[in-house]
Amino acid sequence: MERATADQDRDLVDLVDEAGRVIGQAARASVHSSNTPRHRAFSVYLTDDAGRVLLTRRALSKITWPGVWSNSCCGHPRPGESDVAAIHRRVYEELGVEVANVDAVLPDFSYTATDPHGLVENESCPVYCASIVDTAVLRPDPEEVMDYQWLTWPDLVATVERAPGLLSPWAVAQVEGLSSADRFANRNGSMRLSAGNGHAADATITLSGVTRLLGEQIHELARLWRDLDDGHAPEVLAKDLPTWLDDLVRQGGKRLRPAMCHWGYLAAGAELDQPGHTELIRAATALELLHQFALLHDDVMDESDLRRGRLAAHRQAEQWHAAAGARGNSAAFGRNLAVLLGDLALVQAHRLVAMLSPRLRELWYELCVELVLGQRGDLTGAAAGRRDRPHAERLAQLKSGSYTVGRPLALGATAGGGTDQAHSALGRYGDHAGAAFALRDEVLGVWGDPAVTGKPAGDDLQRGKPTVLLSLAAPRLDGAAAAALRKAGSAAITPRDVAVLQDAMLNAGVRTEMETLIARHVDEAFGCLNGGALHPAGVAGLTALTRALAWRTS
């Protein structure tokens, strides 16, 4: 019964009002008639590496406009399914290929048309463009597509102008709309979305690309997961791992590492309409997945209860286990599932990295090893009770500064083809900006507002982490505060001890010195940007981002 219901749901379309709001569902097979209600649909134009557009001819078995040439692919999102997810699904079903870089180009397009047999198309139909990952495996389903051909964008426009009767009415209207709105830039006969502005004033284009690619990657993962598992639902878990990972990714965060990639790319002198920007988006998306992996594993190692104001993943799985009355230890189950979830994020990150150039892959390898090295130092340093400043500064650089600032900058500059001078300047800047970021992290870990940071204040003290802050505090504290510090990282420390340490370090001037150190690193970072090796657009972006990172509250 459940399988039958699922099949039935997959054969429904959303009915919408004139504003595009969903008002009901109808069977897809019977929705088209002489009085078709308005419903959700999509159209997508697919391109190859040369920028040519794929035109397809509808199979003679199609209910409406059989045998007519049209855009690359059309379809109907299922109830609750996003347009992007529907595009991935339908393109694969009709043409046998995977797509990337799905982008809305006419988001408000809709149309009504009546075919020669009196059947009406009445669709709210946003228009998208996307690129085919591998055109060599193109294999159209003969039940959907009877023929296809590749055209340059100017040739497609010319066909619409000279012989509109050869194409579906929606394709004619869409091509005319795209041309009149100048939504595509034409260069050497190719079709591509115009990025505009060259050196953009902000990171919006890059961050939007990262968000889109994250969605595509999770969708791809979920589809493979379902195929491999033959659609079986998991026991105990309220949601399976790909859906769970999607929820965490959608929570977002600050997207600091993709932003650093973006500004490193621009600082190297590259522009957003160059091929390197596609590599940049892949690398930045991989970084976001790697960061999700790191957060999941870090929360398990630190035994954290909260992440971004919500239950940490291992605590969530622990609750699911307890609520299901499942066998075994709930806490161990939660830890194990969170580790698996992190592993899945890492696997998907590596899939993206496999598409990058050799130099970017080498940087990625170094970044990952460096991240593990920093985490090792964090664990062993806490266990050994390290309080010396050189160790704390090195650890901050490995775990936070390089991972968040230095390496993402290098990835961006490499994707942008930066000179040796640009890489050197960004490296020096990254050392200081990364240190400022790491020191602010330490301050927030002790005195941050939990309502803003999304996690309790004082956790670093309780765990006795080898931070710069504690290296400054150790020689200044005496009496009860010194005794509390000696308990840090052990089972003996109490919430009262943490409060004593927070107050004592304030009174001893530790926070004031931390603020002085942060300001000093920010000044040094700015000085590294002004040697003439970097493009002014990148310098401006990094200057603003540095201030935001150094004096953030979360």
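Our structure's up above, just so we're on the same page.
Source: prediction; values computed, not measured.

Cut-off values and rules
- Residues numbered from 1 in each chain as written.
- Predicted model: local features only at pLDDT ≥ 70, side-chain atom pairs only at ≥ 80, totals over all residues.
- Heavy atoms only, no water.
- Helix = DSSP H or I, 4+ residues; strand = E, 2+ residues; numbered from the N terminus.
- Buried < 20%, exposed > 50% of the residue type's maximum accessible area, 1.4 Å probe, protein only.
- Contact = heavy atoms within 4.5 Å.
- Lys, Arg positive; Asp, Glu negative; His and termini not counted.
- Charge placed at Lys NZ, Arg CZ, Asp CG, Glu CD.
- Polar contact = N/O pair within 3.5 Å; in protein donor to acceptor, adjacent residues only side chain to side chain.
- Salt bridge = Lys/Arg side-chain N within 4 Å of Asp/Glu carboxyl O.
- Expected span 1.5 Å × (residues − 1).
- Core = buried A, V, L, I, M, F, W, Y, C linked by side-chain atoms within 4.5 Å.
- Axes fitted to C-alpha atoms, helices over the stretch in contact; angles between N-to-C directions.
- Parallel < 35°, antiparallel > 145°, perpendicular 65-115°, else oblique.
- Left-handed = near helix turned anticlockwise from the far one by under 90°.
- Nonpolar A, V, L, I, M, F, W, Y, C, P; charged D, E, K, R; others polar.

Engineer: Looking at this structure, I do not really get the overall build of the protein chain. What am I missing?
Structural biologist: Helix and strand counts for the protein chain stand at 20 helices and 16 strands. Each principal axis of the C-alpha atoms in the protein chain carries an extent, and together these give about 90 × 65 × 40 Å. Residues counted as buried form 53% of the 554 residues belonging to the protein chain. Within the protein chain, contacts between residues separated by at least 24 positions form 72% of all contacts whose residues are at least 6 apart in sequence. Separation between the mean location of the 56 positive side-chain charges and that of the 69 negative ones in the protein chain comes to 5 Å.

Engineer: What should I look at first to understand the side chain of Asp48 in this one?
Structural biologist: Along the chain, Asp48 turns up in the loop between strand E4 (42-47) and strand E5 (53-58). Only 3.0 Å separates the side chain of Asp48 from the backbone nitrogen of Ala50, close enough to count as a polar contact. Once you skip the residues sitting within four places of it in the chain, Asp48 turns out to touch Thr135 and Trp150.

Engineer: How should I be thinking about the pattern of salt bridges in this particular structure?
Structural biologist: A side chain of one charge can pair with a side chain of the opposite charge when the charged atoms of the two come close. In the structure shown here, the tally under the stated rule is 34 salt bridges. Where Asp497 meets Lys487, a salt bridge forms, and the shortest distance between an N and an O atom there is 3.3 Å. Of this pair, Asp497 sits in helix H18 (residues 495-507) while Lys487 sits in helix H17 (residues 479-487), placing them ten residues apart in sequence. Overall, the relative accessible area of 30% leaves Lys487 in the partly exposed class.

Engineer: Would you explain helix H2 (residues 83-95) in this entry?
Structural biologist: Since there are 3.6 residues in each turn of an α-helix, residues three or four apart along the chain are aligned in direction. Its 13 residues give H2 an end-to-end C-alpha distance of 17 Å, which sits within 8% of 18 Å, the value for a rise of 1.5 Å per residue. Extensive coverage of H2 is indicated by the burial of ten of its 13 residues. Buried within H2 are the following residues: Asp83, Ala85, Ala86, Ile87, His88, Arg89, Arg90, Val91, Glu94 and Leu95. Trailing H2 by a residue or two, Gly96 shows a phi angle of about 75°, which is positive.

Engineer: Got a minute to help me understand the nonpolar core in this structure?
Structural biologist: The nonpolar side chains of a soluble globular protein tend to be buried with one another. Formed by 106 residues in total, the largest nonpolar core has its most connected members in Trp244, Leu290, Tyr429, Leu477, Met505 and Leu542. In terms of nonpolar packing, the next biggest core, distinct from the first, is built from 26 residues, Tyr45, Leu55, Phe109 and Leu178 among them.

Engineer: Sorry if this is basic, but what is going on with unusual backbone geometry here?
Structural biologist: Note on backbone geometry: most residues besides glycine have negative phi, and most peptide bonds are trans. A positive phi angle, near 55°, is found at Asn101, a position not held by glycine. Along the polypeptide, Asn101 turns up in strand E8 (residues 99-106). The exposure class assigned to Asn101 is partly exposed, which follows from its relative accessible area of 33%. Notably, Glu303 is not glycine yet its phi reads approximately 55°, a positive angle. Structurally, Glu303 can be placed in the loop between helix H8 (276-302) and strand E15 (306-307). Residue classification places Glu303 among the exposed residues on the basis of a relative accessible area of 57%.

Engineer: Could you clarify how one ought to interpret the packing of helix H9 (residues 313-323) against helix H10 (residues 330-353) in this entry?
Structural biologist: A pair of packed helices is captured by two measures, namely the crossing angle of their axes and the spacing between those axes. Contact geometry of H9 with H10 gives a least axis separation of 7 Å together with a crossing angle of 130°. Looking at the two axes, H9 sits oblique to H10. Of the two possible hands of crossing, H9 and H10 adopt the one that is right-handed. Facing H9, whose interface residues are Ala313, His314, Ala317, Glu318, His321 and Ala322, H10 presents Ser330, Ala331, Phe333, Gly334, Arg335, Leu337, Ala338 and Leu341.

Engineer: Help me understand the side chain of Arg223 in this model?
Structural biologist: Of note, Arg223 is situated in helix H5 (residues 204-229). Sequence-distant contacts of Arg223, defined by excluding residues within four places in its chain, comprise His88, Arg89, Tyr92 and Glu98.

Engineer: What should I look at first to understand the packing of helix H6 (residues 241-250) against H10 in this one?
Structural biologist: Look at H6 against H10: their axes get within 10 Å of each other, and the N-to-C directions meet at 75°. Relative to H10, the element H6 is oriented roughly perpendicular. Side by side, H6 and H10 meet where Leu241, Pro242, Trp244, Leu245 and Leu248 of the first sit next to Leu337, Leu340, Leu341, Leu344 and Ala345 of the second. Broken down by class, the residue content of the contact of H6 with H10 amounts to ten nonpolar, no polar and no charged.

No statement about biological role is implied by the geometric values presented.
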